[in-house]
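These are the residues of each chain, in order.
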Amino acid sequence: MSDESVLRDVLDGWKSAVDAHDPDRVATHFTDDAIFQGVHPYGVGPAAVAAYYAPQPIGLTAAYDLRETRHLSDDLILGYAAVEFTFTERPPVRGFLGVLVRRSGDTWRIAHYQFSRPA
C-alpha cells in the first residue's frame, strides 16, 4: 500500500467517525501516546481525543484534501492536508492538518495531530 493510500485510509476512518459524531470511534484512530492539538489546548492519548470531540455539535463534518506525504521510515508516514470543518449553525472552520501516522502490526494510527488555522 502506498503512503498516500495509508494516509487516506487513516484519515477516511477519522473523518467517518467525526461525521458520525462518535468521539469514542474517533479516538480509536489514535495511538495510546498520541499528541493531539486541535483548536483547544493539547491532550495526549485516545481519552483526550474523545474528550475533545464529545462536546462538538451534532452535524459537524470534516472534509480534507491531502496535499503532501513523506515516508519517514517503514513504520512512520507524515501527512499534510487542508481541512474544512462544517457546522449546521455557524460558518465553517478551515485550516491545515499535519499528522504523523505510525504502524503497529498491521494497523496504522495517528501518533501526532496538529491543526492550525491560516493567519
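Heads up: these notes are all about the structure in this document. (Residues numbered from 1 in each chain as written. Predicted model: local features only at pLDDT ≥ 70, side-chain atom pairs only at ≥ 80, totals over all residues. Heavy atoms only, no water.)

## Examining helix α1 (residues 3-19)
So, point 1. For α1, which comprises 17 residues, the first-to-last C-alpha distance of 24 Å matches the rise-based estimate of 24 Å (1.5 Å per residue) to within 8%.
So, point 2. Those residues of α1 that fall on the buried side of the exposure criterion are D3, V6, L7, V10, L11, G13, W14, A17 and V18. Taken end-on, α1 shows its buried residues confined to a sector of 150°, consistent with a single buried face.
So, point 3. Of the residues trailing α1, H21 is marked for its positive phi of about 50°. (Helix = DSSP H or I, 4+ residues; strand = E, 2+ residues; numbered from the N terminus. Expected span 1.5 Å × (residues − 1). Buried < 20%, exposed > 50% of the residue type's maximum accessible area, 1.4 Å probe, protein only. Arc of directions from axis to C-beta.)

## A look at the side chain of Q56
So, point 1. Mapped onto the elements, Q56 comes out in the loop between α3 (46-53) and β3 (61-73).
So, point 2. If sequence neighbours within four positions are ignored, Q56 has contacts with H21 and F87. (Contact = heavy atoms within 4.5 Å.)

## Remarks on the pairing of strand β1 (residues 30-37)
So, point 1. The sheet contact formed by β1 and strand β6 (residues 107-116) spans four bridges and is parallel. Bridge assignment links F36 to a residue of β6, and that residue is Y113.
So, point 2. Adjacent in sequence and paired antiparallel, β1 and strand β2 (residues 43-44) are bridged by five residues. (Pairing = 2+ DSSP bridges.)

Coordinates in, geometry out; function isn't part of it.
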